[in-house]
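# Working through the structure, step by step
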Amino acid sequence: PGDVTSPDVKEDSFVSMQYVLRRANGYFVDASYGFDRFDTLDFKMGKGQMVPGVEQALLGMHKGGRRRFVVPPELGYTSGVGDNKPGPMPTGWGERRGLGSHPRE
């Protein structure tokens, strides 16, 4: 629920969020925090800075709210980021290895 007195996330809102990304089988892939558990992912809604599935899932949330959601492939990274491959690769070796060992999920 979060702070129900705070404004809802709208299409033009600035969002500061934390996330944990897991594969469909629960395998950990990435998180917004590393050494500092207060690191956030910051972006402006509606500017193409985030995949459409994440933006859709955040609409209507309140400050401090928590939400679990699944982004379907068609609302995820569908076009490349300069190399014609879908989406960015995680920066860490372990996360890259994890993705490479599950190519058909």
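Report follows, based on the coordinates. (Residues numbered from 1 in each chain as written. Predicted model: local features only at pLDDT ≥ 70, side-chain atom pairs only at ≥ 80, totals over all residues. Heavy atoms only, no water.)

This part is about the overall build of the protein chain. Secondary structure assignment for the protein chain yields two helices and four strands. N-terminal to C-terminal, the α/β element order of the protein chain is β-β-β-β-α-α. Looking at the 105 residues of the protein chain, the share that counts as buried comes to 23%. Sequence-distant contacts in the protein chain: of pairs separated by 6 or more residues, those separated by 24 or more amount to 48%. (Helix = DSSP H or I, 4+ residues; strand = E, 2+ residues; numbered from the N terminus. Buried < 20%, exposed > 50% of the residue type's maximum accessible area, 1.4 Å probe, protein only. Contact = heavy atoms within 4.5 Å.)

The grouping of V20, F28 and Y33 at the surface amounts to a nonpolar patch, some 250 Å² of accessible area in total. On the secondary structure map, Y33 appears in the loop between strand 3 (28–31) and strand 4 (41–44). Owing to a relative accessible area of 36%, Y33 belongs among the partly exposed residues under this scheme. (Patch = residues over 30% accessible without salt bridge, like charges linked within 9 Å, V, L, I, M, F, W, Y side chains within 5 Å. Areas by Shrake-Rupley, 256 points an atom, 1.4 Å probe, with all protein chains shown as cover. Salt bridge = Lys/Arg side-chain N within 4 Å of Asp/Glu carboxyl O.)

Attention now goes to the nonpolar core. The biggest cluster of nonpolar side chains holds 10 residues, and these are V9, V15, M17, F43, M45, M50, V51, V54, L58 and M61. When residues of this core are traced back to their parent elements, those giving at least two are strand 1 (14–17) and helix 1 (52–58). Here L58 is in contact with V9, V15, M17, F43, M45 and R67, once residues within four sequence places are set aside. (Core = buried A, V, L, I, M, F, W, Y, C linked by side-chain atoms within 4.5 Å.)

The subject of this paragraph is the side chain of S13. Mapped onto the secondary structure, S13 falls in the segment before strand 1. For S13, a relative accessible area of 16% puts it in the buried group.

Okay, the pairing of strand 3 next. Bridging between strand 2 (residues 20–22) and strand 3 involves three bridges; their strand directions are antiparallel. Note that in strand 3 the partner of R22 across the bridge is F28. (Pairing = 2+ DSSP bridges.)

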